[in-house]
Amino acid sequence: MTTTAQSLQATTDVEPARAARWSDYVLLLKPRVMSLVVFTALTGLVCAGKPLNPFLGAVAVLCIAVGAGASGALNMWFDADIDAKMRRTRARPVPAGRVQGADALTLGVVLSLFSVMLMGMALNWLAAGLLAFTIAFYAIVYTMWLKRFTPQNIVIGGAAGALPPVIGWAAASGTTPLNAWLLFLIIFLWTPPHSWALALYTSGDYAKAGVPMMPVAKGAASTRRQIMLYSLLFVPAALAPAFTGLGGPIYLTVAALGGAVFLLLAARLAFSTAGDGDDPRKAEGLYGVKADARPARNLFAVSILYLFALFAALLAERIVGVAPLELFR
Amino acid sequence: MSDPLWEAPEAAKARRRRNWVLAGALFLFVVLVFAVTLVRLGGNVASVPS
């Protein structure tokens with residue numbers, strides 16, 4: 001077969017991308033990430049404790065959600081080359097050819113402008129500025145720079161994911177006191193153990209795409225040690241709101257019990273061999289799962305539940321009217 | 001020779017649907033800005049600065 005004939009055959013073997021549907025544009029906004037952002041932002045908004053018109057509160061949450069979606073679209077535009085190489089992401093609208101990269105870029109820029117302008121007009125310009133900073137940090141600092149160049153990518157880049165409760169707090173009150181930044185610190189310190197636990201059993205995918213995630217750049221043993229270290233920092237930070245007049249008895253109970261489980265799982269992971277080698281039985285799975293992945297999977301799953309439980313406890317206490325503990329206040 | 005401007009019926013339908021969604025989103029944005037303006041002004045709608 002001639003080269004021309006081979007390339008023709010290759011062309012006809014590729015399934016043509018179907019026309020973009022509006023649902024593809026919704027996928028560009030990373031709705032699952034958006035749901036976590038909305039939840040933490042809502043917690044910040046409610047914890048601010050300032051009277052706020054419910055309609056304006058809803059607009060603030062909408063702006064944060066749309067801003068998060070805009071970041072997702074910008075990320076998918078820039079990372080299309082990486083996404084195409086990874087099993088987990090190659091079906092995304094841009095690498096799959098259903099949406100043009102330029103369309104994703106346009107959507108991201110337009111939604112960024114709309115969300116920031118509306119936030120400034122409806123709430124205040126401190127919240128709008130923080131939202132603009134978050135979008136720019138995620139799209140430019142994390143996506144375009146950190147992600148491709150340093151194994152510390154998700155540590156520093158985690159700041160973008162940690163800012164939504166601060167934005168929510170600022171939207172409600174026009175200020176960002178220490179308790180707002182404590183919520184930031186909790187998510188910031190949660191991100192490394194959470195992301196690296198996932199990366200430990202999906203690092204084959206990252207290596208293929210050339211993304212220097214910690215297990216790819218420094219190895220699984222170093223990653224497991226660092227997960228333990230960050231867990232030791234994260235759990236006390238998660239307990240701290242009970243001592244600063246932010247969390248009440250429900251929060252303290254959830255933070256203490258969940259924190260104990262989190263530390264136990266992090267320790268089990270630290271003494272395991274998770275991420276050390278490929279598991280031939282699972283080489284064709286969705287993520288190219290690594291051998292002995294169970295401790296990493298357990299920590300990953302519990303990390304999501306724990307963060308959700310922490311913020312749900314804060315939200316529930318404010319809604320029900322449970323007074324915060326003031327142990328050291 | 002095929003017409004370079006020809007568009008498959010399915011692609012044309014998808015494009016029309018996207019355009020309607022876009023128009024709807026823009027309309028909602030305008031309504032939202034209008035509602036926010038009213039809420040922000042509140043009882044001061046009728047007051048004129050002296």
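What counts as what
- Residues numbered from 1 in each chain as written.
- Chains lettered and ligands numbered in written order.
- Predicted model: local features only at pLDDT ≥ 70, side-chain atom pairs only at ≥ 80, totals over all residues.
- Helix = DSSP H or I, 4+ residues; strand = E, 2+ residues; numbered from the N terminus.
- Buried ≥ 20, exposed ≤ 12 C-beta atoms within 10 Å, placed from the backbone.
- Contact = placed C-beta atoms within 7 Å.
- Nonpolar A, V, L, I, M, F, W, Y, C, P; charged D, E, K, R; others polar.
- Domains from an automatic or database assignment.
- pLDDT = per-residue confidence, 0-100.
- Expected span 1.5 Å × (residues − 1).
- Axes fitted to C-alpha atoms, helices over the stretch in contact; angles between N-to-C directions.
- Parallel < 35°, antiparallel > 145°, perpendicular 65-115°, else oblique.
- Left-handed = near helix turned anticlockwise from the far one by under 90°.

Remarks on the overall build of chain B
Item 1. The secondary structure content of chain B amounts to one helix and zero strands.
Item 2. Taking all 50 residues of chain B together, 0% fall into the buried category.

Side note on the overall build of chain A
Item 1. The secondary structure content of chain A amounts to 14 helices and zero strands.
Item 2. In chain A, the order of α-helices and β-strands from amino to carboxyl end is α-α-α-α-α-α-α-α-α-α-α-α-α-α.
Item 3. Out of the 329 residues in chain A, the part that is buried amounts to 49%.

Remarks on the interface of chain B and chain A
Item 1. Across the contact, 13 residues belong to chain B and 12 residues belong to chain A.
Item 2. Its residues assigned to classes, the side of chain B that touches chain A comprises nine nonpolar, no polar and four charged.

Overview of helix H9 (residues 164-173) of chain A
All names here are of chain A.
Item 1. By the criterion of burial, H9 is predominantly enclosed, with 10 of the 10 residues buried.
Item 2. Within H9, burial applies to Pro-164, Pro-165, Val-166, Ile-167, Gly-168, Trp-169, Ala-170, Ala-171, Ala-172 and Ser-173.
Item 3. Each element contacted by the buried residues of H9 is listed here: helix H3 (31-47), helix H4 (54-78), helix H6 (101-122), helix H7 (125-149) and helix H10 (178-209).

Concerning the domain arrangement of chain A
All names here are of chain A.
Item 1. Partitioning chain A into domains gives domain 1 (29-176) and domain 2 (178-329).
Item 2. Computed over C-alpha atoms, the centres of domain 1 and domain 2 are 21 Å apart.
Item 3. With 26 residues of domain 1 at the contact, the number on the domain 2 side is 27 residues.
Item 4. When residues of the side of domain 1 that touches domain 2 are traced back to their parent elements, those giving at least two are H3, H7, helix H8 (153-162) and H9.
Item 5. Residue composition of the side of domain 1 that touches domain 2, by class: 14 nonpolar, seven polar and five charged.

Regarding unusual backbone geometry
Item 1. A positive phi is found at Lys-30 of chain A, a non-glycine position, where the angle reads about 50°.
Item 2. Taking the number of C-beta atoms within 10 Å as the measure of exposure, Lys-30 of chain A has 19 and is therefore partly exposed.

Quick look at the confidence of the model for chain A
Predicted coordinates in areas of low pLDDT are best not read in detail.
Item 1. With 89% of its residues at a pLDDT of 70 or more, chain A shows a mean pLDDT of 89.
Item 2. The low-confidence segment residues 1-15 of chain A (pLDDT under 50) makes one contact with residues lying over four places distant or belonging to another chain.

As for the confidence of the model for chain B
Item 1. With 80% of its residues at a pLDDT of at least 70, chain B reaches an overall mean of 82.
Item 2. The ipTM for the predicted assembly is 0.72, set against a pTM of 0.86.

Digging into helix H12 (residues 220-239) of chain A
An α-helical turn contains 3.6 residues, so a residue and the one three or four places further along point in the same direction.
Residues and elements named next belong to chain A.
Item 1. The end-to-end C-alpha distance of H12 is 29 Å, a good match for the 28 Å that 20 residues give at a rise of 1.5 Å each.
Item 2. Turning to H12, its buried residues number three or more, namely Ala-220, Thr-223, Arg-224, Ile-227, Tyr-230, Ser-231, Phe-234, Val-235 and Ala-238.
Item 3. If you follow the buried residues of H12, they end up packed against H10, helix H11 (214-217), helix H13 (249-270) and helix H14 (294-320).

Comments concerning the environment of Ala-312 of chain A
Residue and element names in this part refer to chain A.
Item 1. In this fold, Ala-312 is placed in helix H14.
Item 2. Residue Ala-312 is classed as partly exposed on the basis of its 15 C-beta neighbours within 10 Å.
Item 3. With 272 residues separating them along the chain, Ala-312 and Thr-40 place their C-alpha atoms 8.8 Å apart.

What about the packing of H7 of chain A against H8 of chain A?
All names here are of chain A.
Item 1. At their nearest, the axes of H7 and H8 sit 8 Å apart, and the two run at 165° to each other. Overall, the two elements H7 and H8 adopt an arrangement that is roughly antiparallel. Where H7 crosses over H8, the handedness of that crossing is left-handed. Facing H7, whose interface residues are Thr-134, Phe-137, Tyr-138, Val-141, Tyr-142, Leu-146 and Lys-147, H8 presents Asn-153, Ile-156, Gly-157, Ala-159 and Ala-160.
Item 2. Here the contact of H7 with H8 is built from residues that sort into eight nonpolar, three polar and one charged.

Re the packing of H3 of chain A against H9 of chain A
All names here are of chain A.
Item 1. Axis separation between H3 and H9 bottoms out at 7 Å; the angle between their running directions is 40°. Here H9 runs oblique to H3, going by the angle between their axes. For the pair H3 and H9, the sense of crossing is right-handed. Between H3 and H9, the contacting residues are Val-37, Thr-40, Ala-41, Leu-42, Thr-43, Gly-44, Leu-45 and Cys-47 on the first element and Pro-164, Pro-165, Val-166, Ile-167, Gly-168, Trp-169, Ala-171 and Ala-172 on the second.
Item 2. Here the residues of the contact of H3 with H9 sort into 12 nonpolar, four polar and no charged.

Description of the environment of Ala-127 of chain A
Residue and element names in this part refer to chain A.
Item 1. Here Ala-127 shows up in helix H7.
Item 2. Residue class for Ala-127 comes out buried when judged on the 28 C-beta atoms lying within 10 Å of it.
Item 3. Spatially, the C-alpha atom of Ala-127 lies 5.2 Å from that of Ile-167, the residues being 40 residues apart in sequence.
Item 4. Among all residues touching Ala-127, those that are not within four sequence positions of it are Ala-60, Met-119, Ile-167, Ala-170 and Ala-171.

Side note on the environment of Leu-27 of chain A
Residue and element names in this part refer to chain A.
Item 1. As for its placement among the helices and strands, Leu-27 is situated in helix H2 (residues 22-28).
Item 2. Judged by the 20 C-beta atoms lying within 10 Å of it, Leu-27 is buried.
Item 3. If we skip the residues at most four places from it in the chain, Leu-27 touches Arg-92 and Pro-93.

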